[in-house]
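Next come the chains, spelled out residue by residue.
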Amino acid sequence: MAVGEGSEAPVPPRLRRDARRNRERLVEAAHAVFAEQGIEAPLDVIARRAGVGNATLYRHFPTRAALVDAVFRGQLTGTMEAGERARRAADAWAGLADYLDAVFATLAADRGTNDLMTTRLPDVETLDAVHAHNRETVDVLLERARAQGGVRADVTTEDLLFALAALGRAVPPLALAAGPDAWRRPLALLLEGLRGPAAGPRPLPGRPLDGEELGQVLGEMGPHRARPTDGSTGGAVAGGTA
């Protein structure tokens, strides 16, 4: 969602210079690996890319959730800022459309962010706050849009959140098959289904997928999709540094 650029991981005070450098390298490596492979990427791949051992990784980040929070905190809080801007829009429908555009731009940024925003990962404090804020934003905007006649009366917050999560999971394979902005057409189609009867249909952006592209998208969404590696089998990395 790319609402926020990069991430600023909070660093514990009084770390030795070499330990601070290792922490920074781990966060940088994790961001790159999560972007390529998603948040379930093997942690030993991250340690290896950072040039440290698994003992060093776990010393700084005892759990996957702690590492994920450090990597994505900046991007996730940027999403909440987009939600606050959307809530202030005079036209609730326009605010909702702009907010979802920002959200999906972030979903398209990398697989790690997409995994976080479209699924659940326990014990990531920032992520829990983002999910709660996202739900509240959608709820507020839908209620106002219904009152303004911009959204059909029978659409619930759960309806929209489910549809957005399902579409969001398809964003990375859509980008591979048809380009980085390929998500805009299905998102516009989804939004058209929410509009009130007085609004009238609008043309869809972009172009439809062809048969080959659709097959590629569906293949990439399967559990068998290829995962890039650094030559690791997913086991522990021996050794470690400070």
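Residues numbered from 1 in each chain as written. Predicted model: local features only at pLDDT ≥ 70, side-chain atom pairs only at ≥ 80, totals over all residues. Heavy atoms only, no water.

**Focus on the packing of aromatic side chains**
Aromatic rings in a pair are described by how distant their centres are and how their planes are angled relative to each other. Taken as a whole and judged by the stated rule, the model has two aromatic pairs. Judged by centre distance (6.0 Å) and plane angle (25 degrees), the ring pair of Phe 34 and Phe 72 falls under stacked. In this pair, Phe 34 is assigned in helix 1 (residues 17-37) and Phe 72 in helix 4 (residues 64-87), connecting sequence segments 38 residues apart. Summarising the burial analysis for this pair, Phe 34 and Phe 72 share the class buried. (Phe/Tyr/Trp six-rings, centres within 6.5 Å; stacked < 30°, edge-to-face > 60°. Helix = DSSP H or I, 4+ residues; strand = E, 2+ residues; numbered from the N terminus. Buried < 20%, exposed > 50% of the residue type's maximum accessible area, 1.4 Å probe, protein only.)

**A word on the nonpolar core**
Grouped together as the largest cluster of nonpolar side chains are 55 residues, with contacts concentrated most on Phe 34, Ile 46, Leu 67, Phe 72, Phe 104, Leu 116 and Leu 187. Residue assignment for this core shows that the elements contributing at least two residues are helix 1, helix 2 (43-50), helix 4, helix 5 (92-107), helix 6 (111-118), helix 7 (125-148), helix 8 (157-169) and helix 10 (184-194). The biggest single contributor to this core is helix 4, with 10 residues. Ignoring any residue separated from it by four or fewer positions in sequence, one finds Phe 34 in contact with Ile 39, Ala 41, Ile 46, Arg 64, Leu 67, Val 68, Val 71, Phe 72, Arg 111 and Gly 112. If you look at the next biggest cluster of nonpolar residues, it comprises five residues, including Ala 170, Leu 174, Ala 182 and Val 217. (Core = buried A, V, L, I, M, F, W, Y, C linked by side-chain atoms within 4.5 Å. Contact = heavy atoms within 4.5 Å.)

**Here's the deal with the confidence of the model for the chain**
The predicted coordinates should not be examined in detail at positions where pLDDT is low. Chain-level pLDDT for the chain is 83 on average; 83% of the residues reach the 70-or-more range. The weakest mean pLDDT in the chain belongs to helix 11 (residues 211-220) at 82; the strongest belongs to helix 2 at 96. For residues 1-8, every residue scores under 50 in pLDDT, and the model assigns this stretch 31 contacts once sequence neighbours within four places are set aside. Low pLDDT (under 50) marks residues 231-242, which in the prediction has 32 contacts with non-local residues, meaning those over four places away or in another chain. (pLDDT = per-residue confidence, 0-100.)

**Remarks on helix 5**
With 16 residues, helix 5 ought to run about 22 Å at 1.5 Å a step, and its terminal C-alpha atoms sit 22 Å apart, in line with that. Turning to helix 5, its buried residues are Ala 92, Trp 93, Gly 95, Leu 96, Tyr 99, Leu 100, Ala 102, Val 103, Phe 104, Thr 106 and Leu 107. Contacts made by the buried residues of helix 5 are with helix 4, helix 6, helix 7, helix 8, helix 9 (171-178) and helix 10. Where helix 5 begins, one side-chain oxygen reaches toward the backbone nitrogen of Trp 93, 2.9 Å away; that side chain belongs to Asp 91. (Expected span 1.5 Å × (residues − 1). Polar contact = N/O pair within 3.5 Å; in protein donor to acceptor, adjacent residues only side chain to side chain.)

**Here we look at helix 7**
With 24 residues, helix 7 should reach 34 Å at 1.5 Å per residue; the first-to-last C-alpha distance of 35 Å fits that figure. Thr 126, Leu 127, Val 130, His 131, His 133, Asn 134, Thr 137, Val 138, Leu 141, Leu 142 and Ala 145 are the residues of helix 7 that are buried. Looking at the buried positions of helix 7, the neighbouring elements they touch are helix 4, helix 5, helix 6 and helix 8. A positive phi of about 85 degrees marks Gly 149, the residue just after helix 7.

**Let's talk about the packing of helix 5 against helix 10**
Put simply, helix 5 and helix 10 touch, their axes get as near as 11 Å, and they point 150 degrees apart. When the axes of helix 5 and helix 10 are compared, the pair comes out roughly antiparallel. Of the two elements, helix 5 crosses helix 10, and the hand of that crossing is right-handed. Contact residues: helix 5 offers Trp 93, Ala 97, Leu 100, Asp 101 and Phe 104, while helix 10 offers Arg 184, Leu 187, Leu 191 and Leu 194. Its residues assigned to classes, the contact of helix 5 with helix 10 comprises seven nonpolar, no polar and two charged. (Axes fitted to C-alpha atoms, helices over the stretch in contact; angles between N-to-C directions. Parallel < 35°, antiparallel > 145°, perpendicular 65-115°, else oblique. Left-handed = near helix turned anticlockwise from the far one by under 90°. Nonpolar A, V, L, I, M, F, W, Y, C, P; charged D, E, K, R; others polar.)

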